[in-house]
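Listed here are the chains, written in short residue letters.
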Amino acid sequence: MMSKDRGTASADRNKPINEMTLIFPSLSRNESFARVVAASFVSQLDPSVEELSDVRTAVSEAVTNAIIHGYENETGIIKMVCLLYEDSVEITVIDEGKGIENIELARQPLYTSKPDMERSGMGFTVMETFMDEVNVESEVGKGTKVTMIKYFDSVKGKDRTKNNK
Amino acid sequence: MMCLAYIVIVFYSGLYKERRMIRLQVKFSNKGNILIVKLIGELDHHVSDYVRRKIDSEMIKPTTKNMVFDLSNLSFMDSSGIGIIMGRYRAISRINGQVAVACSNTQILKLLEMSGIGNVVPIFDDADKAVKSVLEVAQNDV
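Residues numbered from 1 in each chain as written. Chains lettered and ligands numbered in written order. Predicted model: local features only at pLDDT ≥ 70, side-chain atom pairs only at ≥ 80, totals over all residues.

Draft legend 1. Spotlight on the overall build of chain A. Secondary structure assignment for chain A yields four helices and five strands. Residue burial in chain A is summarised as follows: out of 165 residues, 40% are buried. Across chain A, every contact between residues at least 6 apart in sequence was considered, and the portion connecting residues at least 24 apart equals 67%. (Helix = DSSP H or I, 4+ residues; strand = E, 2+ residues; numbered from the N terminus. Buried ≥ 20, exposed ≤ 12 C-beta atoms within 10 Å, placed from the backbone. Contact = placed C-beta atoms within 7 Å.)

Below, the structure is given as structure tokens:
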């Protein structure tokens, strides 16, 4: 694994220690693929089982949103960018689909633009509950970018250098 | 590099286009008028239509009045599962039936609690307890 800069971690807190980008078509079977990839990438930090589940769940929601709302019935490209820090991860899920008209409304619990699909309308609420920060940028006709940050409390204070010879 | 990864993924998904990749199994059993739905694997949007169709075709049988969702063997669930449970809960409530959930996975429990399902449907740590509670409520109704 990487990491000459591990030793000076505190000086480089804002610099990712590792990063990864995954690009895949908006097929629903890629929902599990994306969350498994995100979880195994994040597991480098050795977070707790529960923290890993949180990441898996949030990624699943973000990717599902891109597939059913961003691209609806067509197939487009979804990009997932993961930036790994000493004790946190920033995951961005980007689609170039139809965008969200009213982000405020979309983020409300139980709101769904597709009531006929029997969706729970909990997607953004789940992301907000399972991650520490969720930021949504969207432009109608251009696409949506969801950025989620998770701080791993279990990793804080661990001696990261010893796992990394 | 990215292009290459994309080509590989597209190729891979094309290869499997015709084959249904169901990572989830639905098993049914009955106890009196309780339909016990056991879900095994991972429940997400990809399999949600399949699961919904399977449950609904079993649910319409006249023997079904109450329902227990046994999630003990589910290793993952996202908000698609919430939609499925809430939908079935509404249908069962319409015929004055009871719904209970059995679950011990902390990730799924967290999801059930935050979604408010925990407020309308009792949650137990195993299927036997869930079935027992539904039986008790059903008996008190008679």
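Still to come is the rest of the account.
Draft legend 2. Focus on the overall build of chain B. Each helix and strand counted, chain B has six helices and six strands in total. Listed by position from the N terminus, the elements making up chain B come as α-β-β-α-β-β-α-β-α-α-β-α. Considering only intrachain contacts with a sequence separation of at least 6, the fraction spanning at least 24 residues in chain B is 70%.

Draft legend 3. The sheet that holds strand β3 (residues 88–95) of chain A, seen in detail. Residues and elements named next belong to chain A. What the five strands build is an open sheet, ordered β1-β2-β3-β5-β4; its pairing is antiparallel. Unpaired on one side and paired on the other, β1 (18–25) and β4 (133–139) mark the two borders of the sheet. Within the sheet, the average angular offset between the axes of one strand and its neighbour, ignoring direction, is 10°. The strands touched by helix α2 (residues 49–70) within the sheet are β2 (77–84), β3 and β5 (143–151), with β5 carrying the most contacts at an inclination of about 175°. (Pairing = 2+ DSSP bridges. Axes fitted to C-alpha atoms, helices over the stretch in contact; angles between N-to-C directions.)

Draft legend 4. The pairing of β4(A), seen in detail. Residue and element names in this part refer to chain A. Taken together, the seven bridges between β4 and β5 define a ladder with antiparallel strand orientation. Paired with V134 across the strands is M148, a residue of β5. The turn linking β4 back onto β5 is made up of three residues, and G141 within it adopts a positive phi angle of 85°.

Draft legend 5. Looking closely at the confidence of the model for chain A. Overall, the predicted model of chain A reaches an average pLDDT of 88, with 87% of residues at or above 70. The low-confidence segment residues 1–11 of chain A (pLDDT under 50) makes 16 contacts with residues lying over four places distant or belonging to another chain. (pLDDT = per-residue confidence, 0-100.)

Draft legend 6. Broad picture of helix α4 (residues 123–130) of chain A. Of all the eight residues making up α4(A), six are buried; the element is thus mostly covered by neighbouring parts of the structure. Those residues of α4(A) that fall on the buried side of the exposure criterion are A:G123, A:F124, A:T125, A:V126, A:M127 and A:F130. Looking at the buried side of α4(A), the elements it contacts are α2, α3 (103–106), β4 and β5 of chain A together with α3 (79–94) and α4 (106–115) of chain B.

Draft legend 7. Fine view of unusual backbone geometry. Unlike most non-glycine residues, A:L110 shows phi in positive territory, near 75°. With a phi angle near 60°, B:N96 is a residue other than glycine that sits in the positive phi range. Locating B:N96 in the fold gives a position in the loop between α3 and β5 (99–102). What makes B:N96 exposed here is the crowd of 10 C-beta atoms within 10 Å.

Draft legend 8. Region of the structure containing helix α1 (residues 30–42) of chain A. Counted at 1.5 Å a residue, the expected span for α1(A) with its 13 residues is 18 Å, and the 18 Å between its end C-alpha atoms agrees. Buried within α1(A) we find A:N30, A:E31, A:S32, A:A34, A:R35, A:A38 and A:V42. Looking at the buried positions of α1(A), the neighbouring elements they touch are β1, α2, β2 and β3 of chain A together with β2 (34–43) and α2 (45–59) of chain B. (Expected span 1.5 Å × (residues − 1).)

Draft legend 9. Examining the nonpolar core more closely. Ranked by size, the top nonpolar core spans 71 residues in total, and within it B:V68 and B:V101 carry the most contacts. Tallying contributions element by element places α2(A) first for this core, with nine residues. In this structure B:V101 touches B:F69, B:L71, B:I85, B:L112, B:V121, B:I123 and B:A130, once residues within four positions along its chain are discounted. (Core = buried A, V, L, I, M, F, W, Y, C linked by C-beta atoms within 7 Å.)

Draft legend 10. Expanded view of the packing of α2(B) against α3(B). Residue and element names in this part refer to chain B. Between α2 and α3, the shortest axis-to-axis distance is 9 Å and the interhelical angle comes to 20°. Taken as axis vectors, α2 and α3 run roughly parallel relative to one another. In this structure, the crossing between α2 and α3 has a hand that is right-handed. Packed against α2, whose contacting residues are H45, S48, V51, R52, I55 and M59, the element α3 presents S80, I84, R88 and A91 at the interface. Split into classes, the residues belonging to the contact of α2 with α3 amount to five nonpolar, three polar and two charged. (Parallel < 35°, antiparallel > 145°, perpendicular 65-115°, else oblique. Left-handed = near helix turned anticlockwise from the far one by under 90°. Nonpolar A, V, L, I, M, F, W, Y, C, P; charged D, E, K, R; others polar.)

Draft legend 11. Representation of the pairing of β5(B) within the structure. Residues and elements named next belong to chain B. Going residue by residue along β5, you find V99 and V101 tucked away on one face and A100 and A102 tucked away on the opposite face as well. Both strand β3 (residues 66–70) and β5 contribute to a ladder of four bridges, which runs parallel. When the bridges of β5 are listed, V68 appears paired with A100.

Draft legend 12. Molecular detail of the environment of A:S113. Residue and element names in this part refer to chain A. Mapped onto the elements of the fold, S113 is located in the loop between α3 and α4. On the neighbour-count criterion, S113 (14 C-beta atoms within 10 Å) is partly exposed. Measuring from C-alpha to C-alpha, the distance between S113 and H69 comes to 8.3 Å, with 44 residues separating the pair along the chain.

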